[in-house]
Number of protein chains: 2
Amino acid sequence: MSFGPETIIQGDCIEAMNALPEKSVDLIFADPPYNLQLGGDLLRPDNSKVDAVDDHWDQFESFAAYDKFTREWLKAARRVLKDDGAIWVIGSYHNIFRVGVAVQDLGFWILNDVIWRKTNPMPNFKGTRFANAHETLIWASKSQNAKRYTFNYDALKMANDEVQMRSDWTIPLCTGEERIKGADGSKAHPTQKPEALLYRVILSTTKPGDVILDPFFGVGTTGAAAKRLGRKFIGIEREAEYIEHARTRIAQVTPIAPQDLEMTGSKRAEPRVPFGVIVENGLLHPGDTLYCAKGAHAAKVRPDGSIAVGDLTGSIHKIGAMVQSAPACNGWTYWHFKTDAGLAPIDVLRAQVRAAMPHA
Amino acid sequence: MSFGPETIIQGDCIEAMNALPEKSVDLIFADPPYNLQLGGDLLRPDNSKVDAVDDHWDQFESFAAYDKFTREWLKAARRVLKDDGAIWVIGSYHNIFRVGVAVQDLGFWILNDVIWRKTNPMPNFKGTRFANAHETLIWASKSQNAKRYTFNYDALKMANDEVQMRSDWTIPLCTGEERIKGADGSKAHPTQKPEALLYRVILSTTKPGDVILDPFFGVGTTGAAAKRLGRKFIGIEREAEYIEHARTRIAQVTPIAPQDLEMTGSKRAEPRVPFGVIVENGLLHPGDTLYCAKGAHAAKVRPDGSIAVGDLTGSIHKIGAMVQSAPACNGWTYWHFKTDAGLAPIDVLRAQVRAAMPHA
DNA sequence: TGAACTGCTGAATCAGATA
DNA sequence: GTATCTGATTCAGCAGTTC
């Protein structure tokens, strides 16, 4: 089954997800409710004789109900997720611990917890606690064995001034223009997330064209960011009013042109060039000598693309590791050849071969 | 019962806590095993081996076994805690969700989760995830009705440059001189916490003279910080070797008057504003064109904050240097974007983002 | 004397394709 | 499923040495 680029479903998210085909979505982003409905039931103002056991029981019942709900929607979510897909869940200390345990118990494998560090949080007015200045996101693959989840490491590193992206993200709250307002000017949704947060989630863990499912769609931040970034989305939401806001909002989003979606790619994704091809193409010749950067080691190129140091023969990687007594070695950067300007890594020859290859 | 100012008990923490009188301590700080589940060896890019936490005390058979252990020590801890006392537990995503659920289920009432944001975390060497740059602390009172927990609001605010203390704390790792070393110069304990972290915990949630219990005492960071701040402590630790280090260490601590205490690490590290954030926040869009001041060079913005001039892609700084054939370039001042009033340097956009982040 | 440089290290669930 | 091979991958801070 393939989805249209924009799907919004009104209804209960568990039923709606169970109606979707299994293993059909690439990423799930979920911002579940965390109204534990505590306080009212548990507060006993008379305070005359608080039975501690009863207190715990009440609390347990309430937490148990939330846990049951959490496990049910997570289970439904896991069914529709592709085996190489991943899930994000956002929450606060009220619910995130319970969500995290359910995520782990259902077989997801946590990859990171990520902190959304708010630049402009609401202060704690009473001065009774630390200002609650962050929320927590859990990023998990479908299972421990699912090693092929999407992570655009190089693009994220580029987006962070060429330093690898950390697990704490500093992003402002959703305010001002971006905040969706109702007819009376009041905020349309109590917990609208900033689009910058979703931008980073989607940029880091999906590819263009991927299908993103949001079971608690609200006013459609996930949909807006997905559309902007050329991803498909499925949003599920119970409240007709939120859906109305979401539709209006998403209709106004202009997608980035496909050719402008291109980002810094991974070296791992580049086509493999065996060292033998360098020799085959005459960029090096059998009998030529390779050197390590300091010239301490020298190796001879052989016709089949292996190299020799004394009696030792093998691949550029193996021999490189052996002469250094290292557990591993990248021969492309370790070995150099002589040029007029001095030693140059053989990786430049590989780059020449790749440049001459037809674009895929 | 009253305790001496410094008590260290060797033994199992659950048995030792059960031997203490109930409702006798003011604060508990616990740094339990994290239940890391590591694969094989991890090599850095330079082929050196990461010194992993592979100690026997961190090994558990299953989540269920870890949960059982967690509930048992938390239950024992709750018994010895005064009704107006509080508990801190620190952990990572491997264990903190399970700890948090146990804390809630046992009747504690979470007041905050606090993020220890590390200035100098270990990077992710393989480029597979976000750098794991934080740990999470849970701060909880003994029960929901226990409103009289200690929180030194004004002192904390003062120590934080007159701004309310937030739930994310930026503090460096414990390294250098502070790190306790064994006879052979290697680290005495694999997970020693920075004293600055304990200062802040103790300063914010205890009064001078309070009794602080640490059931996983290790090399005694809690004891050292408690003594320095004029609090009593009880440390429980199984390993005789750790206790030996702790005693030596704590003996060298000179208590200081709280008013003389300078909050360590309270200066907020000003996060850089990477160019990717400008795009993320929609101040520029993928596909937009940047120009040098004279308009001779043009570059296209990409979704990850890299830019492209023809086939060349890279950061604003790198590409700026390349088009000028210069060794280096400040991309913020070199590249401009079109406005109604002509070209403006992209640095004005960075200023806008910074202005929107008063507490970044 | 100081700047520059080299080396080491920190709670880490850390690769991917092919045979 | 396992075994083998290619070859990609790090940031901040401290200590010790060199220039």
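What you are looking at is a predicted structure, and each value in this text was computed from that prediction instead of being measured. (Residues numbered from 1 in each chain as written. Chains lettered and ligands numbered in written order. Predicted model: local features only at pLDDT ≥ 70, side-chain atom pairs only at ≥ 80, totals over all residues. Heavy atoms only, no water.)

K.L.:
I'd like a rundown of the nonpolar core, residues and numbers included.
P.N.:
A general tendency of soluble globular proteins is for nonpolar side chains to be buried together. Residues Trp 73 of chain A together with Trp 73 of chain B are the most contacted members of the largest nonpolar core, which totals 70 residues. Per element, the largest residue contribution to this core is seven residues, and it comes from helix α2 (residues 63-80) of chain B. When neighbours within four sequence positions are excluded, Trp 73 of chain B is seen to be in contact with Cys 13, Ile 14, Met 17, Ala 30, Pro 32, Ile 87, Val 89 and Phe 216 of chain B. Core analysis: the next-biggest nonpolar cluster, separate from the first, contains 66 residues, Ile 250 of chain A together with Phe 130, Trp 332 and Val 353 of chain B among them. (Core = buried A, V, L, I, M, F, W, Y, C linked by side-chain atoms within 4.5 Å. Buried < 20%, exposed > 50% of the residue type's maximum accessible area, 1.4 Å probe, protein only. Helix = DSSP H or I, 4+ residues; strand = E, 2+ residues; numbered from the N terminus. Contact = heavy atoms within 4.5 Å.)

K.L.:
Hey, could you go over the packing of helix α3 (residues 96-105) of chain A against helix α3 (residues 96-105) of chain B for me, with residue numbers and the actual values?
P.N.:
Where α3 of chain A contacts α3 of chain B, the two axes come as close as 8 Å, and the packing angle between them is 125 degrees. The angle between α3 of chain A and α3 of chain B places the two elements in the oblique class. Handedness of the crossing formed by α3 of chain A with α3 of chain B: left-handed. Touching Ile 96, Phe 97, Arg 98, Gly 100, Val 101, Gln 104 and Asp 105 of chain A of α3 of chain A are Ile 96, Phe 97, Arg 98, Gly 100, Val 101, Gln 104 and Asp 105 of chain B, all from α3 of chain B. Taken together, the residues that form the contact of α3 of chain A with α3 of chain B break down as six nonpolar, four polar and four charged. (Axes fitted to C-alpha atoms, helices over the stretch in contact; angles between N-to-C directions. Parallel < 35°, antiparallel > 145°, perpendicular 65-115°, else oblique. Left-handed = near helix turned anticlockwise from the far one by under 90°. Nonpolar A, V, L, I, M, F, W, Y, C, P; charged D, E, K, R; others polar.)

K.L.:
Lay out the protein's contact with DNA strand C with the relevant residues and their values.
P.N.:
Residues in close proximity to DNA strand C total 39 residues, the closest being Arg 44, Tyr 93, Lys 126, Arg 179 and Lys 187 of chain B. Protein-proximal atoms of DNA strand C, defined as those within 4 Å of the protein, fall in sugar or phosphate at a share of 46%. For DNA strand C, a base oxygen lies 3.2 Å from a polar atom in the side chain of Trp 109 of chain A. Phe 125 of chain B places a polar main-chain atom, nitrogen or oxygen, 3.2 Å from a base oxygen of DNA strand C. Partitioning the surface near DNA strand C into residue classes produces 19 nonpolar, eight polar and twelve charged. (Near = heavy atom within 4 Å. Polar contact = N/O pair within 3.5 Å; in protein donor to acceptor, adjacent residues only side chain to side chain.)

K.L.:
Residue-level account of the protein's contact with DNA strand D, with values.
P.N.:
Residues and elements named next belong to chain A. The immediate surroundings of DNA strand D are formed by 28 residues, with Tyr 153, Lys 157, Gln 164, His 317 and Arg 350 found nearest. Counting only atoms of DNA strand D within 4 Å of the protein, the fraction found in sugar and phosphate groups is 67%. Lys 318 places a side-chain nitrogen or oxygen 3.4 Å from a phosphate oxygen of DNA strand D. Listed by contribution, the elements that provide at least two residues to the surface near DNA strand D are α4 (153-159) and α9 (316-324). Considering every element that reaches the surface near DNA strand D, the biggest residue donor is α4, with three residues.

K.L.:
Go over the interface of chain A and chain B with me, naming the residues and quoting the values.
P.N.:
With 77 residues of chain A at the contact, the number on the chain B side is 82 residues. Here chain A and chain B share an interface that buries about 7,000 Å² over both sides, 52% of which is from carbon and sulfur atoms. Looking only at chain A, the three residues that lose the most surface to chain B are Phe 97, Arg 117 and Phe 130 of chain A, adding up to 13% of its buried area. On inspection of chain A and its partner chain B, the count reaches eight salt bridges. Where chain A packs against chain B, one counts 37 residue pairs in polar contact (both at pLDDT 80 or more). Of all elements in the fold, only α2 (52-80), α3, β4 (109-118), β5 (134-141), α4, β6 (168-171) and α5 (195-205) of chain A reach the threshold of two or more residues within the side of chain A that touches chain B. Residue contributions to the side of chain A that touches chain B peak at nine residues, all from β4 of chain A. (Buried area = accessible area lost by both parts, 1.4 Å probe. Salt bridge = Lys/Arg side-chain N within 4 Å of Asp/Glu carboxyl O.)

K.L.:
Describe the UniProt feature "domain: RAMA" (unreviewed entry) in chain A, naming the residues involved and giving the relevant values.
P.N.:
The UniProt record marks residues 263-355 of chain A with the feature "domain: RAMA" (unreviewed entry), using the residue numbering of this structure. The span residues 263-355 of chain A shows a helical share of 30% and a strand share of 25%, and its end C-alpha atoms are spaced 18 Å apart. (UniProt positions renumbered as here; feature names shortened; annotations may be inferred.)

K.L.:
Give me the lowdown on the pairing of strand β9 (residues 289-292) of chain B, citing residues and values where you can.
P.N.:
Consecutive side chains of a regular strand alternate in pointing toward one face of the sheet and then the other. Residues and elements named next belong to chain B. By the bridge criterion, three bridges tie β9 to strand β10 (residues 298-301) in an arrangement that is antiparallel. Its bridge partner lying in β10, Thr 289 is registered against Lys 300. Where β9 hands over to β10, the hairpin turn is made up of five residues, of which Gly 295 adopts a positive phi near 80 degrees. The sheet contact formed by β9 and strand β13 (residues 335-339) spans two bridges and is antiparallel. Across the sheet, the residue bridging to Cys 292 is Trp 335, located in β13. (Pairing = 2+ DSSP bridges.)

K.L.:
How would you sum up the domain arrangement of chain A? Please name residues and give values.
P.N.:
On domain assignment, one finds that chain A holds domain 1 (6-260) and domain 2 (275-356). Averaged C-alpha coordinates put domain 1 of chain A and domain 2 of chain A at centres separated by 49 Å. (Domains from an automatic or database assignment.)

K.L.:
Let's hear about the side chain of Arg 179 of chain B: which residues, and what values?
P.N.:
Residue and element names in this part refer to chain B. As for its position among the elements, Arg 179 is in the loop between β6 (168-171) and α5 (195-205). One buried charged side chain, Arg 179, makes no salt bridge at all; its nearest oppositely charged neighbour is Asp 51, positioned 7.6 Å away. Ignoring sequence-local partners within four residues, the contact set of Arg 179 consists of Cys 174, Lys 187, His 189, Pro 190, Thr 191 and Gln 192. (Lys, Arg positive; Asp, Glu negative; His and termini not counted.)

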